[in-house]
Amino acid sequence: MWLWACPICRQPMRASDDAGRRMYCPSCGREYPCVDGVWRMLPLERLEVFQQFIQEYEAVRRAEGRGSSDPAYYRALPERDLSGRWQRDWAIRARSYAALVKWVIIPLEQNQERALKILDLGAGNGWLSGRLAQRGHELAAVDLLTNAWDGLGAHIHYSVHFTPVQAEFDCLPFAEDQADLVIFNASFHYSVDYRRSLGEALRVLKAKGKVVILDSPWYSNGQSGEQMVREREAQFLKRYSFPSNALPSRNYLTEERLIDMAQHYDLRWRKVAPFYGIRWAFRPWLAQLRRHREPAQFYIWVGERSTLD
């Protein structure tokens, strides 16, 4: 069971009704309901901040043909994309997931010998929470989107239980020191302040827990990252009539940014490099031959505190 804390004042919350479908903060008087199985832990004033981002993101995802009305579609992810529209993307996510399980999940399972408490940040349609819940773990799936086809509302399609929570990374509605693992699920690059987002994850994480940055673009040269951002905004402007930059996100990782976070929070980073195939491995050389910018790499970054009490 997750212990709730008000995302505004950080004080413990309690259920305000007998059914336990509404949480109340005695300190600031705010209430947070559970609507259609999704905990709405994003205060209205913060929802307004993210509204344009949510609308534009959903517009793009609908245009791309994301989601399905078939529960089998969600349960097959990431190994199979039953829609047939994004098979290449999901093949990459499947290999990332396999590496995550091999190098992070299984070692934690063997070490703890109990169910893990895991935060899935940027959960989207909940596929990762569904997969890890199948392994017997307790999952909280956190995202801004609540729709039933590509957001947290898709939780209805899974045969296992996890806790869907609408919230922002920088104000998580959880009490401190309770998660064994926090995973930024292809989402860390959406943060507008890497230090703040990581610090909030560490607040909720147990002292010996681990934080994972999964499937966020990494560049050896920040100039390539900036060029990628410009190219993407131009493509979105041409196709959707908006550049999709409603949030001033950081958009990518570099060695310097990882070092900065490690030094600030006294962390150790471990890099896991999933194998995405020969063609993927040759991308940097082909880009260099063609005098293109370097392509993004997608590593798994596993962080843990350097000094443990």
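Preceding this section is the structure that the text describes.
Quick caveat: nothing in here was measured; it's all calculated off a predicted structure.

**Student:** Explain the packing of aromatic side chains here, please?
**Tutor:** Aromatic rings in a pair are described by how distant their centres are and how their planes are angled relative to each other. Evaluated as defined, the whole model comprises 23 aromatic pairs. Seen from their ring centres, F184 and F188 are 4.8 Å apart, and the 75 degrees between their planes marks the pair as edge-to-face. Given a relative accessible area of 0%, F188 falls into the buried group. Joined through ring pairs, the aromatic side chains of W2, W4, W39 and F174 make up one cluster. The side chain of R257 reaches across the aromatic face of Y252, ending 4.3 Å from its centre. Across from the ring centre of W280, 3.8 Å away, lies the NZ or CZ of R283, which sits over that ring.

**Student:** Honestly, a nonpolar patch on the surface in this entry has me stumped. Any pointers?
**Tutor:** On the surface, F275, I278, F282, W285, L286 and L289 cluster together to form a nonpolar patch covering roughly 720 Å² of accessible area. Residue contributions to the nonpolar patch peak at three residues, all from helix α9 (residues 283-289). Mapped onto the fold, I278 is located in helix α8 (residues 278-281).

**Student:** Even after reading the chapter, I still don't get the side chain of S96, so can you show me in this structure?
**Tutor:** Here S96 lies in helix α3 (residues 87-112). Assessed through its relative accessible area of 0%, S96 is described here as buried. If sequence neighbours within four positions are ignored, S96 has contacts with L214, D215, P274, Y276 and I300.

Criteria and cut-off values
- Residues numbered from 1 in each chain as written.
- Predicted model: local features only at pLDDT ≥ 70, side-chain atom pairs only at ≥ 80, totals over all residues.
- Heavy atoms only, no water.
- Phe/Tyr/Trp six-rings, centres within 6.5 Å; stacked < 30°, edge-to-face > 60°.
- Buried < 20%, exposed > 50% of the residue type's maximum accessible area, 1.4 Å probe, protein only.
- Lys NZ or Arg CZ within 6 Å of the ring centre and 35° of its normal.
- Patch = residues over 30% accessible without salt bridge, like charges linked within 9 Å, V, L, I, M, F, W, Y side chains within 5 Å.
- Areas by Shrake-Rupley, 256 points an atom, 1.4 Å probe, with all protein chains shown as cover.
- Salt bridge = Lys/Arg side-chain N within 4 Å of Asp/Glu carboxyl O.
- Helix = DSSP H or I, 4+ residues; strand = E, 2+ residues; numbered from the N terminus.
- Contact = heavy atoms within 4.5 Å.

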